[in-house]
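In case you want the letters, here they are:
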Amino acid sequence: MSKQTLSEAVEALQGGGINQSEVKNCLKVVEDAARTDGLLPEHILSLSEYIASRSTNSVLLTRAVRCLIPRDSVPCVSVLRLLGSLKGHTLSLQLLVIRWIILVYDTIDDRSSLHGIYGVLFYYLQFDDLRPVVCQLLCYMTRRCDVIHYRVQRLTELSKRVDSYRGAEGGLLALLVLYHSLCPHMLTNPQRMRRKVWFRPFEKQLAANIMRLQKARRSGASRPGKTATEEALHEQLTAAPPPLKRPKKQYTTVHVADLSRNATRGERGGGSVTFEAVTTHQQLCNDITDIEFPVQAARVLNSHSLRHMFAVCAEPSAALRFTYWLEHSLGYELDSYSPGSVNPDLKSLLGDLRKLTQFVMEPIPTVESFLHILLEEWNGDDCRNEILDLLSHLSLQPFDDFEKGFLEPIKKHFVLKDRDFKCQCLSCFSRLLKNMAAFEWPRHQKQQPGPVETDTHRLSLFSPVTDEEVDDFNPLTTINLFIKYVDYLVTIGLEQEKRHVLLYHAAMEFYSVVADLPGVYDVPHLLLPSTSVLITGLLGHSPIFISTACSHLVRVKENLSALSKNQRSLKLTQTFNSVVLDFCNALWRNMIFKKTSKNSEYPTLAFDLPREELQMCAITQPHKRLNLVHHPALVGLTLQFLTETQDANKLDQLSPSAIWQETRFKQVYLQFLTQNHQSGICDFIRTFVHTN
């Protein structure tokens, strides 16, 4: 018996009159063809007639639905036929059909005809089991003309009823938020979920197959053994686009519905311009308020001009459309993620999201939710640069959530991995604190309790801060606890890496941002590094340690004046004075181990050693061994200074102490240190010792 072809198998299923064993054989042929090359529109139409006929049991019909993997497009007639036959199917099959429509929504050839049954789908919201997937499908189909008073009232009542016995549903809230963004005058600001993940991913294998074939279709990959029909379709799909047509994002899997362009024109009161028609930057600037947001939300990621328009004047509905698409794309990538094997699509998507986040300078809630889940499985190596860059744009949130969701997973890798990873983490924390202070802190300060900001004056593009969120936590407490947490990690890292100079430099970059909080970013908060970190700077084995620590103390003094007396604690002032006095005694005054009345007012932090212990060390004049010419880290520079300034025949007769005999020699030596990139030491001496 010859092997059955795809067309013969589909015709046999459509015609009926075959037993169950033959049905299974036919489905096997269709499954193999669908997973390999997908189905043509005529095959999908015939197979949908077989499913709608309900001529066999639900198990075989479920297999048939999973075979509906389009090679090119999906006929709208087949979608309408399947929706019309929902009532006679089992619940699991009904859910599968609606989920399949969501997955292939972007490939439906005539979505306007499908939009005609919007009211019928809205009726299905009363069924608890179908409501989540129906809400998701309605979010894709909703246009401004669909938001009418009856539906708003029905959704509001349904949301209250569901909240009373099931809790908040993401699908209902998403639909309410979309209605509010399209017609804000028809309903008050809906309740917002804490985590902005409205829908969960589903049908992973089916979604992966659809995405793979659609990607191959867009790339125009040739397939061997094409029929004449396939050749014609391939030629049509790969034909050169019009000059102003721009390509879709290659890794998109699910897209959302169009906005009503006619309604948009009516609201603006003038002619609108499609984004495809914008060809120059000058045209973008002139027409930026009249440009229509394109249908493909994913194009924000790979278009610099579109990012400008999205950040400057995009409607709230555009941000919602982008968020819905992003949830699905990240969800599918997350389901397929396996530590150690990075999907190129995931790396590309994270790279584009990094560019968008850096451009809008605002955290994306969907990305935060994705990172919260990803970090639980992350091995610390996959897409490290992209993930750490995205982590540097997190939002200000209660520290308990911040610590459990992000800091604890990073701490695990920080302790176990090498020095380079530690340095990258500290660099990430520096940028995160800077973004919190420069962007998140002002956003929280400007958002006062009261009416929600209008769409034209939004402080946040993706997640405007509500009154409930303002009162939920104190952002200054989060910043304070975050600095202390990083200080704890720095102490551990320096001990593990034996106080490596590269790690210390990365740590001091973080502390420099901390020092700039009150003066540069107007955040009324300042903390000093822990004692062990400061003493490491004074006792380090490289000039970089001393210069960096001295430079930090100068920066702290400059920013302390920005704090009022009420904001400047007595403990902070006393600790700072003790640290400065220790550095002055060690580097300049030759009094590091001597107790004086001044030292008793500001006690030393680490050099209060008993005289007996100093005598046991058998070091001559220990109080002079840490000054600028005898310090072990600076001896090399001292020798270089003597070599360059003194006669070579007299070097054997000179000692570093000769520099310290006259003030003018000290000044020349300080200039020499500045020329050798140790300006932090000189700035410290001129700031706190007041020498001319």
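Residues numbered from 1 in each chain as written. Predicted model: local features only at pLDDT ≥ 70, side-chain atom pairs only at ≥ 80, totals over all residues. Heavy atoms only, no water.

Naming follows an unreviewed UniProt entry, where the chain appears as Centromere protein I of Geodia barretti. Listed under Sequence similarities (unreviewed entry) in UniProt, the entry text for the chain is "Belongs to the CENP-I/CTF3 family." (UniProt positions renumbered as here; feature names shortened; annotations may be inferred.)

Chemist: So what exactly am I meant to see when it comes to the overall build of the chain here?
Modeler: Assigned secondary structure in the chain consists of 33 helices and two strands. Put simply, the chain has 692 residues, and 51% of those count as buried. Long-range contacts, defined here as pairs at least 24 residues apart, represent 74% of the contacts in the chain between residues at least 6 apart. Of the roughly 31,800 Å² of accessible surface on the chain, a fraction of 51% belongs to carbon and sulfur atoms. (Helix = DSSP H or I, 4+ residues; strand = E, 2+ residues; numbered from the N terminus. Buried < 20%, exposed > 50% of the residue type's maximum accessible area, 1.4 Å probe, protein only. Contact = heavy atoms within 4.5 Å. Areas by Shrake-Rupley, 256 points an atom, 1.4 Å probe, with all protein chains shown as cover.)

Chemist: What exactly am I supposed to notice about the confidence of the model for the chain here?
Modeler: Here the chain averages 78 in pLDDT, and 76% of its residues register 70 or above. The secondary structure element of the chain with the lowest average pLDDT is helix α14 (residues 261-268), at 36, and the one with the highest is helix α24 (residues 475-496), at 95. Contacts for the low-pLDDT stretch residues 221-270, under 50 throughout, to residues beyond four places or in other chains number 96 contacts. Counting interchain partners and residues more than four positions distant, the pLDDT-below-50 stretch residues 450-458 has seven contacts. (pLDDT = per-residue confidence, 0-100.)

Chemist: Looking at this structure, how should I read the side chain of Arg111?
Modeler: Inspection of the secondary structure puts Arg111 in helix α7 (residues 111-115). Of the residues examined, Arg111 reaches a relative accessible area of 19% and is grouped as buried. Side-chain polar atoms of Arg111 contact the backbone oxygen of Asp106, separated by 3.5 Å. (Polar contact = N/O pair within 3.5 Å; in protein donor to acceptor, adjacent residues only side chain to side chain.)

Chemist: Explanation requested: unusual backbone geometry in the structure shown.
Modeler: Backbone geometry follows two general trends: most residues other than glycine have a negative phi, and most peptide bonds adopt the trans configuration. Positive phi outside glycine occurs at Met361, with the angle close to 50°. Secondary-structure assignment places Met361 in the loop between α18 (344-360) and α19 (365-377). At Asp522, a position not held by glycine, the phi torsion is positive, near 60°. Along the polypeptide, Asp522 turns up in the loop between α25 (501-520) and α26 (531-538).

Chemist: In this structure, what is going on with the packing of aromatic side chains? I would like to understand it.
Modeler: Any pair of aromatic rings gets described here by the distance separating the centres and the angle formed by the planes. In this structure the tally under the stated criterion is 21 aromatic pairs. On the basis of an interplanar angle of 80° and a centroid distance of 6.0 Å, the ring pair of Tyr123 and Phe127 is categorised as edge-to-face. Look at Tyr123 and you get exposed, because its relative accessible area is 52%. Taking relative accessible area as the criterion, Phe127 reaches 35% and is therefore assigned partly exposed. An angle of 45° between the planes, with centres 4.9 Å apart, marks the rings of Phe684 and Phe688 as tilted. Within this pair, Phe684 and its partner Phe688 are both found in helix α33 (residues 679-688), separated by four residues, close to a single helical turn. (Phe/Tyr/Trp six-rings, centres within 6.5 Å; stacked < 30°, edge-to-face > 60°.)

Chemist: I keep staring at the packing of helix α1 (residues 6-15) against helix α2 (residues 20-37) and nothing clicks. Help me out?
Modeler: When two helices pack together, their arrangement is captured by the angle between the axes and the distance separating the axes. Following both chains from N to C, one finds α1 and α2 inclined at 135°, their axes separated by 9 Å at the closest point. Considering the angle they form, α1 stands oblique to α2. Relative to α2, the crossing made by α1 is left-handed. Facing Leu6, Ala9, Val10, Ala12 and Leu13 of α1, the residues of α2 in contact are Val23, Cys26, Leu27, Val29, Val30 and Ala33. The residue makeup of the contact of α1 with α2, split by class, is 11 nonpolar, no polar and no charged. (Axes fitted to C-alpha atoms, helices over the stretch in contact; angles between N-to-C directions. Parallel < 35°, antiparallel > 145°, perpendicular 65-115°, else oblique. Left-handed = near helix turned anticlockwise from the far one by under 90°. Nonpolar A, V, L, I, M, F, W, Y, C, P; charged D, E, K, R; others polar.)

Chemist: Can you help me understand the pattern of salt bridges in this one?
Modeler: According to the stated counting rule, one finds 16 salt bridges in the structure shown. In this structure, Arg66 engages Glu203 in a salt bridge whose closest nitrogen and oxygen atoms are separated by 2.4 Å. Residue Arg66 is located in helix α4 (residues 58-66), and its partner Glu203 is located in the loop between α11 (170-182) and α12 (204-219); the two are separated by 137 residues in the primary sequence. Since its relative accessible area comes to 19%, Glu203 is described here as buried. Arg419 is the partner of Glu497 in a salt bridge, and the nearest nitrogen-oxygen pair spans 3.9 Å. Separated by 78 residues along the polypeptide, Glu497 in the loop between α24 and α25 and Arg419 in helix α22 (residues 419-446) bring together distant segments of the chain. By relative accessible area, which is 28% here, Arg419 ends up partly exposed. Each member of the salt-bridge network shares a partner with another, and the members are Arg354, Asp389 and Arg431. (Salt bridge = Lys/Arg side-chain N within 4 Å of Asp/Glu carboxyl O.)

Chemist: So what exactly am I meant to see when it comes to the nonpolar core here?
Modeler: Across soluble globular proteins, nonpolar side chains have a tendency to be buried as a group. Leu391, Phe429, Phe482, Leu628, Tyr669 and Phe684 are the most contacted members of the largest nonpolar core, which has 115 residues in total. In this structure Leu391 touches Leu371, Leu375, Phe406, Ile410, Cys428 and Leu432, once residues within four positions along its chain are discounted. Leu83, Leu95, Leu155 and Ile210 belong to the second largest nonpolar core, which has 79 residues in total. (Core = buried A, V, L, I, M, F, W, Y, C linked by side-chain atoms within 4.5 Å.)

Chemist: I keep staring at the environment of Asp420 and nothing clicks. Help me out?
Modeler: Following the sequence through the fold, Asp420 ends up in helix α22. By relative accessible area, Asp420 is classed as partly exposed at 45%. Between the C-alpha atom of Asp420 and that of Leu503, which follows or precedes it by 83 residues, the distance is 8.2 Å.

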